[in-house]
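# An overview of the molecular structure
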Amino acid sequence: MDMPDSEAESAELPLASEFPTATREQWRELVTGVLAKSGERVDDAVSAPEELLASATYEGIAISPLYVGEDGLDPGLPGQEPFTRGTRPEGTPITGWDVRQLHTDPDPAGARRAVLADLDNGANSLWLAAGASGIPVPGIAEALADVRLEHAPVTLDAGSDYEAGCEALLAVWADQGAAPEEVRGNLGIDPISVAARSGAPAELAPAARLAARYAARYPHLGLVTVDATPVHEAGGSHTQELGAAAAAGVAYLRALTDAGMDLADAARRLEFRLSATADQFLTIAKLRAARAMWNRVTEACGLAPGDRTMRQHAVTSASMMTRRDPHTNIVRCTLACFGAGVAGADAVTVRPFDAALGLPGDFAHRIARNTQALLVDEAHLARVIDPAGGSFFVERLTADLYGQGWDFLQELEGAGGMAAALSSGMLAGRVHETWEQRRDNLGHRRDPLIGVSEYPDLGQVDERGPATPGDAAGSAAANALTPHRYAEEFEALRDRADAHLLATGARPTAFLATLGPASAHSARAAFASNLLRAGGIEPLGGRTRGGVDEAVAEFRASGARIACLCASDELYTEHAIAGVRALRDAGATRVLLAGPPASAPEAAGADTWLYAGCDAVGLLDELLDAMGVAR
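Residues numbered from 1 in each chain as written. Predicted model: local features only at pLDDT ≥ 70, side-chain atom pairs only at ≥ 80, totals over all residues. Heavy atoms only, no water.

### Regarding the confidence of the model for the chain
For clarity, the cut-off: Per residue, pLDDT measures the predictor's confidence, with a range of 0 to 100. Any two residues whose heavy atoms approach within 4.5 Å are treated as being in contact.
Looking at the chain, pLDDT values average 92 and 94% of them are 70 or higher. Here residues 1-10 scores under 50 on pLDDT; set against residues more than four positions off or in separate chains, the count is 3 contacts.

See below:
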């Protein structure tokens, strides 16, 4: 039946038909005007506003301020290849993704209590670290004594003790009277990640033979974890993590089929573990790109579409966790969990906010559970199929990560495959290059860390000394992927300052010598104060409103030996030379100047300048040396 014209027009939903069509040129003109008012010069190039406002990821992917539908990207439909938009047409089940809690307590009795608390309060499954990284293998049965495994599957992570760990976990199933076809979960066999962390050779053949033996007996049991998080934790980029995940998956398919498994069955027994970071959009795009990459790999292997899906376990980044101001980790983990959920991860693990401090406490476990419960049950995040689908930004970012991730996969395959790339040190070398870039950005505070390099709280004193559980994890082997936390260098400075405080009763100090009215110095004084605190140095002063004489008198009274001059460019022109000289005459062993070198006369004579983009770690380290703070 034909609809009347009015109904046909309504069916097309022309919601913006009464507004003129906006063009990219109009946007550029408006943005150019705003940039000009802010003092930013814009040349005549058509793309100038985009270039001025763009940023880049560690992969070199440009993040533009504007995305439109001109790219013509087609991510497909949910549940259909290339599975960018998820592996199920209906999206995440209405009950949400698998809330998987991590347990690392080496005391089986303590682990048993924590496991029961998690399962009683919202967790769906368990990630059990065993062997050297967690519960002793003989203690697995005690840790799981209260768990009905058919209701709460276990993913095992026993590292190099995987054979004994598998036997112990399967013995628990047998003790519960489970038939082999009822056994589920994942044995977590993963010699590649063991090699990545230790630098030892990756022994795939014996692991594959063991997995094949279990595959014949347990048809629904996951066998292998393809863990790419060691690449991320060593400072690698998202595309390096993607390429490593796909390369490790390919290596396991080869090993499992060589051990006699059917290719489709081998692919079904893999679970991929990827990191989720506080950059929610990169997390979303990475997990979407990973599914598309694995579809391409398995399609090239000749598998049918139903066997090309990737089972994903997303875990919040260990590298982004901080010891200082650890409650800020709750926000970081919430963003990461949100990104993983939006991306369609099958299982998500949120690390407890105090994980960088050692063994997590009960409250931190509760917050980790509740983070997921709130997103699933109150924010209803799982009720929307691929929420990011159709976003021009997310689709472009997904495609860019896919392209570069695929290039890195080919580079790893060209080096002989994942095992060869690890043993030769090729992968470690490439990841280390990225870490050095990241380290430089962190040290210059281009990548800010709230509570650590920005807005630190000096009232939080760590009395346990500089050793941090987990920071020394990994191997000194040249080809090992050494884990890093982004905050480690700033926290080492704070450790030095705190140790000095505990040993002497006084915190290292620096005096802020402010000149002129508050409007002339408050911004630079606040900047200098924030930077000094990042190194555990307490800023004093900052209250003088007059000239050099007043500031110098306050400096003498403070007892400090480091001074930082804070004023406007105009006042520096008139007073910087005299101010630096007067502070030195008053006993300052170091005189700093807040602002870039160009803000003061060349003859000012300051020892160094504090400004946005300066080498904060190097400067603070030198100041602590100058104050006699022991390393």
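Once the structure has been displayed, the description carries forward.
### Quick notes on empty space enclosed by the protein
What counts is decided by this rule: Buriedness for pockets is judged along seven lines, at least five of which must meet protein on both sides within 12 Å for an open set on the 1 Å grid over protein atoms alone, while cavities are sets there where a 1.4 Å probe fits but cannot get out, and lining residues have an atom within 4 Å of a point. Grid points are joined across faces, edges and corners, and a volume is the space filled by probe spheres set on the points. Helix numbers and strand numbers start at the N terminus; a helix is a DSSP run of H or I with at least 4 residues, a strand a run of E with at least 2. Charged means Asp, Glu, Lys or Arg here, nonpolar means Ala, Val, Leu, Ile, Met, Phe, Trp, Tyr, Cys or Pro, and polar covers whatever is left, Gly included.
A full pass over the atoms with the stated rule returns 8 cavities of 30 Å³ or more. Each pocket or cavity is described by its volume, and for the largest cavity that value is around 130 Å³. Around the largest cavity, the lining comprises 15 residues; the ones closest to its centre are R85, G86, G91, T92 and G344. Among the elements that line the lining of the largest cavity, the one with the most residues is helix α13 (residues 328-343), at 3 residues. Here the lining of the largest cavity is built from residues that sort into 5 nonpolar, 6 polar and 4 charged.

### Focus: the packing of aromatic side chains
This is how it is decided: Pairing of aromatic rings covers Phe, Tyr and Trp, the last counted by its six-membered ring, and requires centre-to-centre distances within 6.5 Å; plane angles under 30 degrees mean stacked, over 60 mean edge-to-face, and any other angle means tilted. Only protein chains enter the accessibility calculation, which uses a 1.4 Å probe. A residue is then buried if its area is under 20% of the maximum for its type, exposed if over 50%, and partly exposed in between. Sitting over a ring, as applied to charges here, requires NZ of Lys or CZ of Arg to be within 6 Å of the ring centre and within 35 degrees of the ring normal.
A complete count under the given rule lists 7 aromatic pairs for this structure. Aromatic side chains F353 and F363 sit 6.0 Å apart centroid to centroid with 75 degrees between the ring planes, which places their arrangement in the edge-to-face category. In this pair, F353 sits in the loop between β10 (347-349) and α14 (362-378) while F363 sits in helix α14, placing the two residues 10 residues apart along the sequence. Classification of F353 as buried rests on a relative accessible area of 7%. Ring geometry for Y402 versus W406: centroids 6.4 Å apart, planes at 15 degrees, classification stacked. With Y402 and W406 both in helix α15 (residues 392-414) and 4 residues apart, the pair spans about one turn of that helix. By relative accessible area, Y402 is classed as partly exposed at 22%. Residue W406 is classed as buried on the basis of its relative accessible area, which comes to 13%. Lying across the ring of Y214, R213 places its NZ or CZ 5.8 Å from the centre.

### Quick word on helix α6 (residues 162-175)
To keep things clear, this is the line we draw: To estimate how far a helix should extend, the number of its residues minus one is multiplied by 1.5 Å.
Compared with an ideal rise of 1.5 Å per residue, which puts 14 residues at 20 Å, α6 spans 20 Å between its outermost C-alpha atoms and is within 8% of the ideal. For α6, the full list of buried residues reads Y162, G165, C166, A168, L169, L170, V172 and W173. Where the residues of α6 are buried, they touch α5 (140-143), β5 (154-157), β6 (186-189) and α8 (204-217). Looking one or two residues past α6, G177 carries a phi angle of roughly 75 degrees, positive in sign.

### With respect to the sheet that holds strand β15 (residues 608-610)
We apply this condition: By this definition, two strands are paired if DSSP reports at least two bridges between them. Lines fitted to the C-alpha atoms define the axes, with helices restricted to the stretch that makes contact. Angles between their N-to-C directions range from 0 to 180 degrees.
Pairing is parallel in the open sheet, where 5 strands are placed in the order β12-β11-β13-β14-β15. Either end of the sheet is taken by a strand with one partner, and the two such strands are β12 (538-541) and β15. Going across the sheet, the axis of each strand differs from the next one's by a mean of 35 degrees, ignoring polarity. In this structure, strand β11 (residues 509-514) lies alongside strand β13 (residues 562-566), joined through 4 bridges in parallel fashion.

### Some details on the pattern of salt bridges
Under the convention used in this document: For salt bridges, the criterion is a side-chain nitrogen of Lys or Arg within 4 Å of an Asp or Glu carboxyl oxygen.
Evaluated as defined, the whole model comprises 43 salt bridges. Taking the shortest distance from any N to any O, the salt bridge between E491 and R485 comes out at 2.8 Å. The exposure classification of E491 matches that of R485, with both residues buried. Salt bridges linked by common partners bring D157, R197, D227, E233, R273 and R351 together as one network.

### Some points on the side chain of T316
Examined against the element boundaries, T316 turns out to sit in strand β9 (residues 312-316). The exposure class assigned to T316 is buried, which follows from its relative accessible area of 1%. Each residue touching T316, except ones within four places of it in the same chain, is listed here: A276, C333, A336, C337, T349, V350 and R351.

### Looking at the UniProt feature "domain: Methylmalonyl-CoA mutase alpha/beta chain catalytic" (unreviewed entry) in the chain
The line we're drawing: UniProt positions are given in the numbering used here, feature names are shortened, and annotations may be inferred rather than shown by experiment.
Sequence positions flagged by UniProt for "domain: Methylmalonyl-CoA mutase alpha/beta chain catalytic" (unreviewed entry) are, in local numbering, residues 57-129 and 141-456. The annotated region residues 141-456 carries 54% helix and 9% strand content, and the separation between its end C-alpha atoms amounts to 43 Å.

### Focus: the side chain of D498
To be explicit about the condition: Under this definition, polar contacts are N or O atom pairs within 3.5 Å; protein pairs additionally need one hydrogen-donor-capable and one acceptor-capable atom, and for neighbouring residues in sequence, both atoms have to be side-chain atoms.
Take D498: it is sitting in helix α18 (residues 488-504). Within the structure, the side chain of D498 is placed 2.7 Å from the side chain of R324, a separation counted as a polar contact. What D498 contacts, discounting residues up to four positions off in sequence, is R324, Q460, V461, D462 and R507.

### Remarks on the pairing of β6
Of the two faces of β6, the one holding N186 and G188 and the one holding L187 and I189 are both buried throughout. Here β6 runs beside strand β7 (residues 222-227); their pairing, made up of 2 bridges, is parallel. When the bridges of β7 are listed, I189 appears paired with V224.

### Regarding the nonpolar core
The condition that has to hold: Among the buried residues, those of types Ala, Val, Leu, Ile, Met, Phe, Trp, Tyr and Cys that are joined through side-chain atoms within 4.5 Å form a nonpolar core. Where each domain starts and ends follows an automatic or database-derived domain assignment.
By size, the foremost hydrophobic cluster in this structure holds 169 residues, and its most contacted members are L144, M418 and L427. With 12 residues, helix α10 (residues 238-258) is the largest single contributor of residues to this core. Three or more residues apiece are contributed to this core by two domains, here domain 1 (98-420) and domain 2 (492-627).

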